[in-house]
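# Notes for the structure review
Now for the letters of each chain:
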Amino acid sequence: MSSSIEKKRTACVTGGSGYIASALVKMLLEKGYAVKTTVRNPDDMAKNSHLKDLQALGPLEVFRADLEEEGSFDDAVAGCDYAFLVAAPVNLYTKNPEKELVEPAVRGTLNVLRSCVKAGTVRRVVLTSSAAAVSSRPLKGDGHVLDEDSWSDVEYLTAKKSGPWGYPVSKVLLEKEASRFAEDHGISLVTVLPVVTVGAAPAPNARTSVPNCLSLLSGDQAAFAVLDGIERATGCIPMVHVDDVCRAELFLAEEAAAAAGRYICCSLNTTVAELARFLADKYPQYGVKTQLLSGDRLEKPRVCLSSAKLVREGFEFKYKTLDEIYDDMVEYGKALGILPN
C-alpha cells in the first residue's frame, strides 16, 4: 500500500493546554501523526490559541474532557494507537491537597485508562509522572544516585506536610494505581518521570519551570525561592529540555518494544551555585543577581537522578549540557516577558 493512502498513526495527548503536552502535540504532528488532544474548555482561547496555530502542521482535533468526569475521554482516545497521559491537576498550594490534588490525580488517571480499555486500539499508554515521585525522601550524606527503584516517601511527606507535599504524594499514588490497573486490564504502560523541565514550548500561558531557571538572571525572588526549594528538597537541581522529554515519550511508545515500568528523564544534575557561575559567564549582559545566593550553598549535587535505564533502552539525549539546555530558553524567556529584550 502506498504511503499516501496508508492510515496515519493516531495519538491522543491529554491536557493540550499544558507545557509538556503542547510540545508533544507539536512533535507528533511534525512526525506525521494525526493527533487528538483534550482541554477542559476548548473555547478558552487564552489557554488554547496555540492549538489553533498547531493545526497548520497536520490533523489536530481538540476535544473537551475533564479528569473529574468519567467517560469524558472516550471520544478523544477512540481509534488511537497511542495515548499520552500528560494532563494532571496543578493546584500545588491548595489548603486541602488530599481532596484537591491527590484524589483527583488518581481518579483522573484511572478515568483516562478506562477510556483506553474501551477504545481497544491503544497499543501503548505513556503516562507522564514526575521525578517528584522519586526524590522526595530524607537522604543523609552525599553521593546518592536515585533510579527507578526509588520512591518518594509518602508516609514521611504526609506526616511532615511541608511545602507542596501533595504533589509528590499524588504522583506516587497515581503511578501505583495506574500500574495496578494496567496489569489487571492487559494495558502496555510505561511511565516517564521528567525532572525540572525547561526550554521553549507552544503553550504561552502554561505553568512551567522556566521562570525558576531564569530567576538568577531576572531577579524574581519568588521564582528563585522555588528553584532554591528544589535544591534543598532534592539535593540537586536535576534538569532536562522539554524536547528531550517529548522525544523520550515518543521513543518509549514506538521504538522500545520491551519497555516497561518507570523511566527517569534527566539529562544533567546541577546546583544553584553551578548555575550561577554558568549564567554569569554565558549571559554577562543580564548579570547574575548574586543577592539571591546568600547562605550556605551546595557546590556539587548531593543526590543525582539517573536516566541509565532510559539510555540502556537506546535513547540518546540531545541536550546534555547547560549550554545546550539554556540555548533557546533565554529567547523564550524574552518572548514570555521574563527577561528584557
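Data block above holds the structure.
Every chain's residues receive numbers from 1 upward, in the order its sequence appears when written. Only residues with pLDDT of at least 70 are given local features in this predicted model, and only at 80 or more are side-chain atom pairs given and counted; all residues enter the totals for whole chains, interfaces and linings. Note: side-chain values were computed over all heavy atoms of the structure, leaving out hydrogens and water.

## Comments concerning the side chain of Asp81
- Inspection of the secondary structure puts Asp81 in the loop between α3 (74–77) and β4 (82–85).
- Residues adjacent in sequence count toward polar contacts only when both atoms are side-chain atoms; beyond that, a polar contact is any pair of N or O atoms within 3.5 Å, and within protein one must be able to donate a hydrogen and the other to accept it. Of the polar contacts made by the side chain of Asp81, one reaches the backbone nitrogen of Thr10; its length is 2.8 Å.
- A contact between two residues is defined here by any heavy atoms of the two lying within 4.5 Å. Apart from the residues lying within four places of it in its own chain, the contact partners of Asp81 are Lys7, Lys8, Arg9, Thr10, Thr121, Val122, Arg123 and Arg124. Numbering goes from the N terminus for both helices and strands, where a helix is a DSSP run of H or I of at least four residues and a strand is a run of E of at least two.

## Structural notes on the pairing of strand β7 (residues 189–194)
- Partly exposed residues are those whose accessible area sits between 20% and 50% of the maximum for their type, while under 20% is buried and over 50% is exposed, using a 1.4 Å probe and protein chains only. In terms of residue burial, β7 counts as a mostly covered element, since six of its six residues are buried.
- Taking every second residue as pointing to the same face, both faces of β7 are buried, with Leu189, Thr191 and Leu193 on one and Val190, Val192 and Pro194 on the other.
- For two strands to be treated as a pair, DSSP must find at least two bridges joining them. One ladder, built from four bridges, connects strand β5 (residues 124–128) with β7; its direction is parallel. Bridge pairing in β7 links Val126 to Val190.
- As paired strands, β7 and strand β10 (residues 261–265) are joined by five bridges and run parallel to one another. Looking at β10, one finds that Leu193 is bridged to Ile264.

## Describing the layout of surface pockets
- Considered as a void within the structure, the second largest pocket measures approximately 210 Å³ in volume.
- In this structure, the second largest pocket is lined by Trp151, Glu175, Lys176, Ser179, Ala182, Glu183, Ile187, Leu189, Thr191, Gly261 and Arg262.
- At the level of secondary structure, the elements contributing two or more residues to the lining of the second largest pocket comprise α7 (166–185), β7 and β10.
- Class assignment for the residues of the lining of the second largest pocket results in four nonpolar, three polar and four charged. The rule is simple: put a 1 Å grid over the protein atoms alone, call a set of points where a 1.4 Å probe fits but cannot get out a cavity, call an open set with protein on both sides within 12 Å along at least five of seven lines a pocket, and count a residue as lining if it has an atom within 4 Å of a point. Grid points are joined across faces, edges and corners, and a volume is the space filled by probe spheres set on the points. Three categories are distinguished: nonpolar for Ala, Val, Leu, Ile, Met, Phe, Trp, Tyr, Cys and Pro, charged for Asp, Glu, Lys and Arg, and polar for the others, with Gly belonging to the last.

## Considering the pattern of salt bridges
- We define a salt bridge as a contact between a side-chain nitrogen of Lys or Arg and a carboxyl oxygen of Asp or Glu at a distance within 4 Å. Inspection of every chain in the model, using the stated rule, returns 19 salt bridges.
- For Lys320, the salt bridge goes to Glu316, with nearest N and O atoms at 3.5 Å.
- What makes Glu316 exposed here is its relative accessible area of 54%.
- Lys334 is paired through a salt bridge with Glu331; the nearest N and O atoms lie 3.2 Å apart. Of this pair, Lys334 and Glu331 are both found in helix α15 (residues 329–335), three residues apart, which corresponds to roughly one turn of the helix.
- Several salt bridges converge on common partners, so that one network encompasses Asp228, Glu231, Arg232 and Arg297.

## Examining the nonpolar core
- By nonpolar core we mean a set of buried residues, namely Ala, Val, Leu, Ile, Met, Phe, Trp, Tyr and Cys, connected to one another through side-chain atoms within 4.5 Å. Judged by nonpolar contacts, the single largest core of 85 residues is most densely connected at Phe84, Leu216, Met239, Leu305 and Tyr326.
- Element by element, the count of residues in this core is highest for helix α1 (residues 19–30), at nine residues.
- Residues contacting Leu305, with those up to four places away along its chain left out, are Ala131, Val134, Ser135, Leu146, Val195, Thr234, Cys236, Pro238, Ile264, Cys266 and Asn269.
- Core analysis: the next-biggest nonpolar cluster, separate from the first, contains 24 residues, Phe63, Leu67, Ala83 and Ala182 among them.

## Regarding the packing of aromatic side chains
- Ring pairs are drawn from Phe, Tyr and Trp, using the six-membered ring of Trp, whenever the two centres fall within 6.5 Å, and their geometry is named by plane angle: stacked under 30 degrees, edge-to-face over 60, tilted for the rest. Counting across every chain of the model gives four aromatic pairs.
- Seen in terms of ring centroids, Phe278 and Tyr326 are 5.5 Å apart; in terms of plane orientation they differ by 55°. Their pairing is tilted. Residue Phe278 is found in helix α12 (residues 272–282), and its partner Tyr326 is found in helix α14 (residues 322–326); the two are separated by 48 residues along the sequence. Across the pair, Tyr326 and Phe278 agree in class, each one buried.
- Measuring from centroid to centroid gives 5.1 Å for Phe315 and Phe317, while their planes differ by 85°, and the two rings are edge-to-face. The same class applies to Phe315 as to Phe317, namely buried.
- Aromatic rings pair up to connect Phe251, Phe315 and Phe317 into one cluster.
- The ring of Trp151 has Lys176 lying over it, and the distance from NZ or CZ to the ring centre is 4.5 Å. Think of it as a cone above the ring: NZ of Lys or CZ of Arg counts as a charge over the ring if it is within 6 Å of the ring centre and within 35 degrees of the ring normal.

## Remarks on the sheet that holds strand β3 (residues 60–64)
- If you trace the seven strands from one edge of the open sheet to the other, you get β3-β2-β1-β4-β5-β7-β10, paired in parallel fashion. The open sheet terminates on both sides in strands that have one partner only, identified here as β3 and β10. Recorded for the sheet is a direction-independent mean angle of 20° between the axes of neighbouring strands.
- Summarising the sheet, β4 and β5 pair through four bridges and their orientation is parallel. Following the sheet pairing, Leu85 is matched in β5 by Leu127. Lines fitted to C-alpha atoms define the axes here, with helix axes fitted over just the stretch in contact, and angles between the N-to-C directions of these axes take values from 0 to 180 degrees.

## A closer look at the sheet that holds strand β11 (residues 268–270)
- Taken together, the three strands give an open sheet; going across it, the order is β8-β9-β11, and neighbouring strands pair in mixed fashion. Looking at which strands have only one partner, the edges of the open sheet turn out to be β8 (196–198) and β11. Averaged over neighbouring strand pairs, the angle between their axes works out to 40° when direction is ignored.
- Relative to β11, strand β9 (residues 237–241) is paired through three bridges, and the arrangement is antiparallel. Bridge pairing in β11 places Ile237 opposite Thr270.
- Sheet contacts for helix α11 (residues 242–254): β8 and β9; angle to β9, the most-contacted strand, approximately 70°.

## Brief notes about the state of the cysteines
- Disulfides are defined as cysteine sulfur pairs within 2.5 Å. For the structure on display, the rule yields zero disulfides.
- Cysteine Cys266 is unpaired, with the sulfur of Cys236 as its nearest cysteine sulfur at 6.9 Å.
- No disulfide involves Cys304; its sulfur sits 6.0 Å from the nearest other cysteine sulfur, which is in Cys236.

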